[in-house]
Amino acid sequence: ANTLPTVSFDPPWPSPCTSVVVENTDEGMMPDDKNQQYWKPVERVEGNIFKSLEEAFEHPFPPPIKDYYGAFWCNGICVKFKDLHLNLIQIWNSEDEEQLKENMLGHVFAKQKNRLPLSYFVACTDGDDIVSVLDQTGEVVLEKPGRKPHQVLATSLDDFLLSLTPSIDPYS
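Here's what I pulled together on the structure shown here.

The rules behind the values
Residues numbered from 1 in each chain as written. Predicted model: local features only at pLDDT ≥ 70, side-chain atom pairs only at ≥ 80, totals over all residues. Heavy atoms only, no water. Pairing = 2+ DSSP bridges. Helix = DSSP H or I, 4+ residues; strand = E, 2+ residues; numbered from the N terminus. Contact = heavy atoms within 4.5 Å. Axes fitted to C-alpha atoms, helices over the stretch in contact; angles between N-to-C directions. Buried < 20%, exposed > 50% of the residue type's maximum accessible area, 1.4 Å probe, protein only. Polar contact = N/O pair within 3.5 Å; in protein donor to acceptor, adjacent residues only side chain to side chain. Phe/Tyr/Trp six-rings, centres within 6.5 Å; stacked < 30°, edge-to-face > 60°.

### Notes on the sheet that holds strand β6 (residues 84-88)
Move 1: Strand order in the open sheet formed by 7 strands is β10-β9-β8-β7-β6-β5-β11, with antiparallel pairing between adjacent strands. Both outer strands of the open sheet, β10 (149-154) and β11 (165-166), are each paired with one neighbouring strand and no more.
Move 2: Direction of pairing for β6 relative to strand β7 (residues 119-125): antiparallel, over a ladder of 3 bridges. What sits directly across from Leu86, in β7, is Thr125.
Move 3: Packing of helix α3 (residues 63-70) onto the sheet brings it into contact with β6, β7 and β8 (130-134), and relative to β7 it is tilted by some 45°.
Move 4: Helix α4 (residues 94-113) contacts β7, β8, β9 (140-143) and β10 of the sheet and is inclined by roughly 115° relative to β7.

### Structural notes on α3
Every α-helix carries 3.6 residues per turn, so stepping three or four residues along brings you back to the same face.
Move 1: Buried within α3 are the following residues: Ile65, Tyr68, Tyr69 and Gly70.
Move 2: On its buried side, α3 packs onto β4 (72-73), β6, α4, β7, β8 and α5 (157-162).

### Considering the side chain of Arg44
Move 1: Mapped onto the elements of the fold, Arg44 is located in the loop between β3 (42-43) and α2 (51-57).
Move 2: Side chain to side chain, Arg44 and Glu97 meet in a polar contact 2.5 Å long.

### As for the packing of aromatic side chains
For any two aromatic rings, the description comes down to two numbers: the centre-to-centre distance and the angle of the planes.
Move 1: Scanning the model with the defined rule gives 8 aromatic pairs in all.
Move 2: With centroids separated by 6.0 Å and ring planes inclined at 80°, the aromatic side chains of Trp39 and Trp92 adopt a geometry described as edge-to-face. In this pair, Trp39 is assigned in the loop between β2 (36-38) and β3 and Trp92 in the loop between β6 and α4, connecting sequence segments 53 residues apart.
Move 3: Trp39 gets classed as buried once you look at its relative accessible area, which sits at 7%.
Move 4: Here the aromatic rings of Phe57 and Phe109 are separated by 5.5 Å at their centres, their planes lie at 90°, and the arrangement is edge-to-face. Of this pair, Phe57 sits in helix α2 while Phe109 sits in helix α4, and the two are 52 residues apart along the sequence.
Move 5: On the basis of relative accessible area, Phe57 is assigned to the buried category, the value being 13%.

Have a look at this one:
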């Protein structure tokens, strides 16, 4: 049985994640539901996707954030961290990348406007909180958008990612 995750088939929203699976799919590996398609992460080679934002902010993004978002094309991933159910934000295609950059731009501007510690989001909860990486310390924190962080989850993005448990919940 195939163990790849599936995603709803959406012709106007193509991704390198699905095309690589289609190219390597045996006839017996197609999903039972034809409205679904298998996907898997695909390595990226673009380099620093945040270069234009770094120039606009006149401030470099931390290497862990550049690596996190720049290493793979990938659908979002559901995980658990202790009692928290999280959606790890990933980049599905080039349009998704542009949306992510716009959202990150808004997030950073809100932090600057409110004179709050600069952070970069990497996940969201099923509530109002987001998971972010603090620019100054690299700590992974829980915060409400536009507010101060209210809980430290891990000392680094690497430590945070290694502490997660995958979930079979659908990404939302």
